[in-house]
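Residue-level listing of the chains:
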Amino acid sequence: MDGQVNAAVESSFTEESIVLSTPADSEHCNNTTVATNPDAFSATPDNCDTLSVKVEEVYHVREGGGLDYWVYQIHVLTSMASYATSSTNAGFHTGRRYREFVWLRDALHADCPGAIVPPLPGLALEGCLEKLDSLRAADETRPPPTLVVYRKFALHRFLNFIAMAPQLRKHHLLQTFLESGPEELASFMAMWDAAARRR
């Protein structure tokens, strides 16, 4: 039953990532067509600054003595020179928890007044209970709860909106969110939140 529900949720979303160009997000730049297919991505000097983000999968993490949680894996392709992997066609992967997406959304909203920052999927009591029940289950073959599947595709859309927005796509908060390791991001988030409380 869980598999059928999750398949229905997945079918209501598109998994295609979006690759965008910087100048007015036009389809052409320097006579070079910007790719809309990640397989066609090429980070060459003739290309515009491109940024492709895709939430590819979600996996379950169990920590001894701590709470279990879900991690959403993001695949990033970019030709932006500020990114360490801008010269590679393979891009890079990073894993983020839902609460880290919440931080990114709140930080961008606070730091970019006037910019449209889309909402994240909200918390539903029934979904939270379903998530907790799944985390407590011993059967690791059970598919992710419907809430987690829904979040995966909603977070994918959220990141693609950010990657499309001229005011947000080159923001250092987004780059920090995408490129930092877990400990580095946690430290940055703590410093950012502490500075925000002092304002």
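Residues numbered from 1 in each chain as written. Predicted model: local features only at pLDDT ≥ 70, side-chain atom pairs only at ≥ 80, totals over all residues. Heavy atoms only, no water.

Any chance you could explain the overall build of the protein here in plain terms?
On a plain count of helices and strands, the protein comes out with six helices and five strands. Beginning at the N terminus, the succession of helices and strands in the protein can be written as α-β-β-β-β-β-α-α-α-α-α. For the protein, the proportion of its 199 residues judged to be buried stands at 43%. Accessible area for the protein stands at about 10,800 Å²; split by element, carbon and sulfur atoms hold 54% of it. (Helix = DSSP H or I, 4+ residues; strand = E, 2+ residues; numbered from the N terminus. Buried < 20%, exposed > 50% of the residue type's maximum accessible area, 1.4 Å probe, protein only. Areas by Shrake-Rupley, 256 points an atom, 1.4 Å probe, with all protein chains shown as cover.)

How should I be thinking about the sheet that holds strand β3 (residues 51–61) in this particular structure?
Backbone hydrogen bonds are what pair the strands of a sheet, in a parallel or an antiparallel way. With respect to topology, three strands assemble into an open sheet ordered β3-β4-β5, the strand pairing being antiparallel. Single-partner strands in this sheet number two, and they are β3 and β5 (92–96). Averaged over all pairs of adjacent strands, the angle between their axes in this sheet comes to 25 degrees, without regard to strand direction. In this fold helix α4 (residues 146–164) packs onto β3 and β4 (69–78), with an angle of close to 155 degrees to the strand it touches most, β3. (Pairing = 2+ DSSP bridges. Axes fitted to C-alpha atoms, helices over the stretch in contact; angles between N-to-C directions. Contact = heavy atoms within 4.5 Å.)

Looking at this model, I keep getting lost on α4. Mind explaining?
The end-to-end C-alpha distance of α4, which contains 19 residues, comes to 27 Å, matching closely the 27 Å that a straight helix rising 1.5 Å per residue would cover. Most of α4 is tucked away: 15 of the 19 residues are buried. (Expected span 1.5 Å × (residues − 1).)

Just to check I follow, could you spell out the pattern of salt bridges for this structure?
Oppositely charged side chains can form a pair if their charged atoms are brought close together. In the structure shown here, the tally under the stated rule is two salt bridges. With its nearest N and O atoms 2.8 Å apart, the salt bridge here joins Asp49 to Lys170. Highlighted residues: Asp49 in the loop between β2 (32–33) and β3 and Lys170 in the loop between α4 and α5 (172–179), separated in sequence by 121 residues. Judged by its relative accessible area of 25%, Asp49 falls in the partly exposed class. The exposure class assigned to Lys170 is partly exposed, which follows from its relative accessible area of 46%. In this structure, Asp68 engages Arg62 in a salt bridge whose closest nitrogen and oxygen atoms are separated by 2.9 Å. Residue classification places Arg62 among the partly exposed positions, given a relative accessible area of 41%. (Salt bridge = Lys/Arg side-chain N within 4 Å of Asp/Glu carboxyl O.)

It is not clear to me how the packing of α5 against helix α6 (residues 182–198) should be interpreted in this structure. Could you clarify?
The description of two helices packed together rests on the angle between their axes and the distance between the axes. At a minimum axis distance of 9 Å, the contact between α5 and α6 shows a crossing angle of 150 degrees. Together, His172, Leu173, Thr176 and Phe177 of α5 and Leu185, Phe188 and Trp192 of α6 make up the contact between the two elements. Taken together, the residues of the contact of α5 with α6 sort by class into five nonpolar, two polar and no charged. (Nonpolar A, V, L, I, M, F, W, Y, C, P; charged D, E, K, R; others polar.)

What should I look at first to understand the packing of aromatic side chains in this one?
Pairs of aromatic rings are described using the distance from one ring centre to the other and the angle between the two planes. Evaluated as defined, the whole model comprises four aromatic pairs. With 5.1 Å between their ring centres and 70 degrees between their planes, Phe101 and Phe177 make a pair best called edge-to-face. One end of the pair, Phe101, is in helix α2 (residues 98–111); the other, Phe177, is in helix α5, and 76 residues separate them in sequence. Among the residues examined, Phe177 registers a relative accessible area of 0% and is labelled buried. (Phe/Tyr/Trp six-rings, centres within 6.5 Å; stacked < 30°, edge-to-face > 60°.)

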